[in-house]
Amino acid sequence: MSHSNWHDIFGTSGADTRMDLASADPGSGPSGTLKHSRGPWRSASGTAGAVRTSTETSRSALGPGHEGVTAGAAGLSAVAALTALRRSWEDRLASVRDECEALQGALLAVAGELGETDTTVKSSLASIDTKPGQEKR
């Protein structure tokens, strides 16, 4: 379809005949700068790993921190409550640790997939001749 036919069919005037996505900002136009990076995903994965490690360190310290409480507070009803509370926190921290471990792996996998996708897309686009008659770069 020629450029003039486009104007006749769609009633456009002027040189601007580009099409934009409905979700794009009006008039923003294409910039050719769609970019993403593995860096933020790797960073988030590292953070999840650090949280996992610090959570496990804290969870592991709860037991030794309560040693001697039972003997030193024998006969007090608070001992049973403190023991139940400690176990509850150990369980919660173990859940956080496990979730962070799973999240660390998932985020790292996304970073890897982005790299593979970049390579595949770049290879696919390299074969498209966007400017016939001009030498490809």
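Structure shown above.
Residues numbered from 1 in each chain as written. Predicted model: local features only at pLDDT ≥ 70, side-chain atom pairs only at ≥ 80, totals over all residues. Heavy atoms only, no water.

1. Focus: the overall build of the protein chain
Then, in step 1: When its secondary structure is counted, the protein chain shows 4 helices and 0 strands.
Then, in step 2: Counting all 137 residues of the protein chain, 12% fall into the buried class.
Then, in step 3: Across the protein chain, contacts joining residues at least 24 apart in sequence account for 63% of those joining residues at least 6 apart.
Then, in step 4: Of the roughly 10,600 Å² of accessible surface on the protein chain, a fraction of 57% belongs to carbon and sulfur atoms. (Helix = DSSP H or I, 4+ residues; strand = E, 2+ residues; numbered from the N terminus. Buried < 20%, exposed > 50% of the residue type's maximum accessible area, 1.4 Å probe, protein only. Contact = heavy atoms within 4.5 Å. Areas by Shrake-Rupley, 256 points an atom, 1.4 Å probe, with all protein chains shown as cover.)

2. Remarks on the packing of helix H2 (residues 39–65) against helix H4 (residues 78–126)
How two helices pack is summed up by the angle between their axes together with the distance between the axes.
Then, in step 1: The N-to-C vectors of H2 and H4 enclose an angle of 160°; their axes lie 8 Å apart at closest approach. Taken as axis vectors, H2 and H4 run roughly antiparallel relative to one another. Seen along the crossing, H2 lies across H4 with a hand that is left-handed. (Axes fitted to C-alpha atoms, helices over the stretch in contact; angles between N-to-C directions. Parallel < 35°, antiparallel > 145°, perpendicular 65-115°, else oblique. Left-handed = near helix turned anticlockwise from the far one by under 90°.)

3. Notes on H2
Turn by turn, an α-helix covers 3.6 residues, leaving residues three or four places apart pointing in a common direction.
Then, in step 1: The end-to-end C-alpha distance of H2 is 39 Å, a good match for the 39 Å that 27 residues give at a rise of 1.5 Å each.
Then, in step 2: Those residues of H2 not exposed but buried are Ser45, Ala48, Gly49, Thr55 and Glu56. (Expected span 1.5 Å × (residues − 1).)

4. Digging into the packing of aromatic side chains
Any aromatic ring pair is given by two values, namely how distant the centres are and how the planes are angled relative to each other.
Then, in step 1: A full pass over the atoms with the stated rule returns 0 aromatic pairs.
Then, in step 2: The side chain of arginine 92 reaches across the aromatic face of tryptophan 89, ending 5.0 Å from its centre. (Phe/Tyr/Trp six-rings, centres within 6.5 Å; stacked < 30°, edge-to-face > 60°. Lys NZ or Arg CZ within 6 Å of the ring centre and 35° of its normal.)

5. Some points on the pattern of salt bridges
Then, in step 1: The full count for this structure, using the stated rule, is 5 salt bridges.
Then, in step 2: Here glutamate 56 and arginine 97 are joined by a salt bridge, their closest N and O atoms 2.7 Å apart. With glutamate 56 in helix H2 and arginine 97 in helix H4, this residue pair connects regions lying 41 residues apart in the sequence.
Then, in step 3: On the basis of relative accessible area, glutamate 56 is assigned to the buried category, the value being 19%.
Then, in step 4: By relative accessible area, arginine 97 is classed as buried at 16%.
Then, in step 5: Residues participating in the shared-partner salt-bridge network are Glu56, Arg59, Arg97 and Asp98. (Salt bridge = Lys/Arg side-chain N within 4 Å of Asp/Glu carboxyl O.)

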